[in-house]
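Structural characterization, general
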Amino acid sequence: MSVYRLLISCPDTHGLVAIVSQFILEYNGNIKEAHHHLDEQNQHFFMRIEIESNSITCSLDDFRDAFSVLADQCNMVWQLSDAAQLKRILIMGSKASHCVADLLHRGHEDELEGEIVGVLSNHDRLSKLASWYDVAFKKVSISQNTKETDINKMMKTVDSFNPDVIVLARYMQIIPEEMCVEYSGKIINIHHSFLPSFVGANPYKRAAERGVKLIGATCHYVTADLDEGPIIEQDVVRVDHADSADDMKKMGQDVEKITLAKGLKYHLEDRVLICNNKTIVFS
């Protein structure tokens, strides 16, 4: 069943749930799913509603125009989208293939509420994988000697895919601030949860040497502050003294795949609202 999704963020005021519900009722809208949350510390209200699209007695544009009046009155930041319009997904990767392969397979099996339109990499290794899934592949090398030119070419290639969401599936290059701003709230990254304890190369080797008991992964939105964007999803797995660095790496990659897939799923289904450097995830 097709639905419209309404996301709301606004200063808290008395009766917001009733006000929004009454508005939907006036257009004969049938609410299929509803979640709301009050951030008491900041007195800020968040809401997500799914409305059966065939129950509304007017067009989506007319409904959007009418709601904008109410939104202005309540000082809302809001969006209203049709779930039938699938988001365009661009996957960016480097040499590691585990996250890219997982997402491509999920797309192939229609597990993602979106359309994977391409894979972009700074290496050739992922080209055969993309080809097997009949997904367009583009390579833009990033060289230290021509980095500024290469980064500009990469950004133009990204724009050529016209993506609604960009997934950094272990893309091992820093995203420039200009791109972070242009695609704010639309770039999703995955990394191991050892940061900042085990930054740089060979994190699993150093984690094993340190004798950690938990390893995990963090899925977050990308901002100009490296690896400090709003967190969407996290998960962990327990390890012990018998696990080698290679064992931990394999388990960690499994966690990365699942965590990234969940984070992307929440984004595609419009379940994430960003508040400062935090997220409200209506899972």
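A few points on the structure. Every value quoted in this text rests on a predicted model; they were computed, and no experiment measured them. (Residues numbered from 1 in each chain as written. Predicted model: local features only at pLDDT ≥ 70, side-chain atom pairs only at ≥ 80, totals over all residues. Heavy atoms only, no water.)

The next subject is the sheet that holds strand β5 (residues 87-93). The 7 strands lie next to each other as β7-β6-β5-β8-β9-β10-β11, forming an open sheet whose pairing is mixed. If you trace the sheet from one side to the other, it starts and ends with β7 (137-139) and β11 (231-238), each paired once. Averaged over all pairs of adjacent strands, the angle between strand axes in this sheet comes to 20 degrees, irrespective of strand direction. Pairing geometry for strand β6 (residues 114-121) and β7, over 3 bridges, is parallel. Paired with Val119 across the strands is Phe137, a residue of β7. (Pairing = 2+ DSSP bridges. Helix = DSSP H or I, 4+ residues; strand = E, 2+ residues; numbered from the N terminus. Axes fitted to C-alpha atoms, helices over the stretch in contact; angles between N-to-C directions.)

This next bit is on the packing of aromatic side chains. With the rule as written, the count across this model stands at 6 aromatic pairs. A ring pair is formed by Phe23 and Phe63, whose centres lie 5.4 Å apart and whose planes are at 50 degrees; its orientation type is tilted. Here Phe63 lies in helix α2 (residues 60-73) and Phe23 lies in helix α1 (residues 16-26), a separation of 40 residues in the sequence. Overall, Phe63 belongs to the buried group, its relative accessible area being 1%. These aromatic residues form a ring-pair network of at least three members: Phe23, Tyr27, Phe63, Phe67 and Trp78. (Phe/Tyr/Trp six-rings, centres within 6.5 Å; stacked < 30°, edge-to-face > 60°. Buried < 20%, exposed > 50% of the residue type's maximum accessible area, 1.4 Å probe, protein only.)

Here we come to the sheet that holds strand β2 (residues 31-39). Spatially, β2-β3-β1-β4 is the arrangement adopted by the 4 strands of the open sheet, whose pairing is antiparallel. A single partner strand is all that each edge strand has here, and the edge strands are β2 and β4 (77-82). Along the sheet, successive strands turn relative to each other by an average axial angle of 5 degrees, direction set aside.

Tallied over the full model, the rule gives 16 salt bridges. In this structure, Arg5 and Asp270 form a salt bridge, with 3.6 Å as the shortest nitrogen-oxygen distance. Of the two residues, Arg5 is situated in strand β1 (residues 3-11) and Asp270 in the loop between α8 (245-268) and β12 (272-275); the sequence distance between them amounts to 265 residues. Here the two residues Arg5 and Asp270 agree in accessibility, since each one is buried. Between Glu50 and Arg48 there is a salt bridge whose closest N-O contact spans 2.8 Å. For the residue pair Glu50 and Arg48, the accessibility class agrees, reading buried in each case. (Salt bridge = Lys/Arg side-chain N within 4 Å of Asp/Glu carboxyl O.)

Where β12 meets strand β13 (residues 278-281), 4 bridges bridge the pair, whose relative direction is antiparallel. Along β13, the bridge assignment pairs Leu273 with Ile280.

Under the defined criterion, the tally for this structure stands at 0 disulfides. You can see Cys10 has no disulfide; the closest cysteine sulfur is in Cys74, sitting 6.3 Å from it. (Disulfide = S-S within 2.5 Å.)

Direction vectors running N to C along helix α7 (residues 203-210) and α8 enclose 120 degrees, while the axes themselves pass 9 Å from each other. Accordingly, the angle class assigned to the pair α7 and α8 is oblique. Two packed elements cross with a definite hand, and for α7 against α8 that hand is right-handed. Together, Tyr204, Lys205 and Ala208 of α7 and Ala245, Met248, Lys249, Gly252, Gln253 and Glu256 of α8 make up the contact between the two elements. (Parallel < 35°, antiparallel > 145°, perpendicular 65-115°, else oblique. Left-handed = near helix turned anticlockwise from the far one by under 90°. Contact = heavy atoms within 4.5 Å.)

Notably, Asn75 is not glycine yet its phi reads approximately 55 degrees, a positive angle. The phi torsion at Asn162 lies on the positive side, around 50 degrees, for a residue other than glycine. Tracing the backbone shows Asn162 in the loop between α5 (147-160) and β8 (165-168).

Once that is clear, we can look at the pairing of strand β3 (residues 44-52). Of all 9 residues in β3, 8 are buried; the element is thus mostly enclosed. Note that β1 and β3 share 9 bridges and pair antiparallel. In the strand pairing of β3, Leu7 is matched with Arg48. Examined bridge by bridge, β2 and β3 share 8 bridges and lie antiparallel to one another. From the neighbouring strand, Ala34 faces β3, where its bridge partner is Ile49.

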